[in-house]
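# Structural features, examined
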Amino acid sequence: MKTFFRRIAPFVIAAILPFAFIAGCAEPTPAEHVVTAKKLIDEGNLESASIELSNALQQDPNLLEARWLLGKVSLDLGDGPKAEKEIRRAIDLGYAHESAQLALVRAVALQDEPARVITETESVDRAVPPADRATMLGLRAQALASRG
């Protein structure tokens, strides 16, 4: 009986091992990518966080949290056009405009387009916290001054 198991064991292991390997190599879910991205953001590794968030969005393009985080990360990396695109998509997906307005204005300001900053700050939502409102009005003043 022992010889039987010794003969058959390598074949059983050889048959099971590839399945175990494949199961262990399963691609992370979008939620797992977001969790990893949050850890990377906390560590200050924004480039890697951006990649993780992009991976999450490839799997689920309508993942609101990933859109918003990618917009904020892009803003922190100084990529105004990408930040604006992602923030606008997050708003379209249901992210509160009053919570996103300052980030959106900053993204537009990064693109050195004062006319658009002025347009974005024409009406500041009353639900925007006072500190954010003051920052937006400061960005508006800079845009107005740059236009003469």
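Preceding this paragraph is the structure being described.
What comes next concerns the included structure. (Residues numbered from 1 in each chain as written. Predicted model: local features only at pLDDT ≥ 70, side-chain atom pairs only at ≥ 80, totals over all residues. Heavy atoms only, no water.)

Tallying secondary structure elements over the protein gives eight helices and zero strands in all. Ordering the α and β elements of the protein from the N terminus gives α-α-α-α-α-α-α-α. Evaluated residue by residue, the protein yields a buried proportion of 30% over its 148 residues. For the protein, contacts bridging at least 24 residues in sequence account for 50% of all contacts bridging at least 6. (Helix = DSSP H or I, 4+ residues; strand = E, 2+ residues; numbered from the N terminus. Buried < 20%, exposed > 50% of the residue type's maximum accessible area, 1.4 Å probe, protein only. Contact = heavy atoms within 4.5 Å.)

Tallied over the full model, the rule gives one aromatic pair. Aromatic side chains Trp68 and Tyr95 sit 4.2 Å apart centroid to centroid with 15° between the ring planes, which places their arrangement in the stacked category. With Trp68 in helix H4 (residues 64-76) and Tyr95 in the loop between helix H5 (80-92) and helix H6 (97-110), this pair connects stretches of sequence that are 27 residues apart. Note on Tyr95: relative accessible area 24%, which makes it partly exposed. (Phe/Tyr/Trp six-rings, centres within 6.5 Å; stacked < 30°, edge-to-face > 60°.)

A few words now on the environment of Ser50. Of note, Ser50 is situated in helix H3 (residues 46-59). The contacts of Ser50, once residues within four sequence positions are left out, are Leu70, Val73, Leu77 and Lys82.

On to the packing of H3 against H4. At a minimum axis separation of 9 Å, H3 and H4 run at an interaxial angle of 150°. Comparing their axes, H4 and H3 come out roughly antiparallel. Classified by chirality, the crossing of H4 by H3 is left-handed. Along its contact with H3, which presents Leu46, Ser50, Leu53, Ser54, Ala56 and Leu57, the element H4 presents Ala66, Arg67, Leu69, Leu70, Val73 and Asp76. In terms of residue class, the contact of H3 with H4 is built from eight nonpolar, two polar and two charged. (Axes fitted to C-alpha atoms, helices over the stretch in contact; angles between N-to-C directions. Parallel < 35°, antiparallel > 145°, perpendicular 65-115°, else oblique. Left-handed = near helix turned anticlockwise from the far one by under 90°. Nonpolar A, V, L, I, M, F, W, Y, C, P; charged D, E, K, R; others polar.)

Between its first and last C-alpha atoms H6 spans 19 Å; for 14 residues at 1.5 Å apiece the expected length is 20 Å, and the two agree. Every buried residue of H6 is listed here: Ala100, Gln101, Leu102, Ala103, Leu104, Val105, Ala107 and Val108. Structurally, H6 contributes buried residues whose contacts are with H4, H5, helix H7 (114-120) and helix H8 (130-147). Looking one or two residues past H6, Asp112 carries a phi angle of roughly 55°, positive in sign. (Expected span 1.5 Å × (residues − 1).)

All right, on to the side chain of Gln101 then. Positionally, Gln101 belongs in helix H6. Given a relative accessible area of 1%, Gln101 falls into the buried group. Those residues within four positions of Gln101 in sequence are excluded, and the remaining contacts are Glu120, Ser123, Val124, Asp125, Val128 and Met136.

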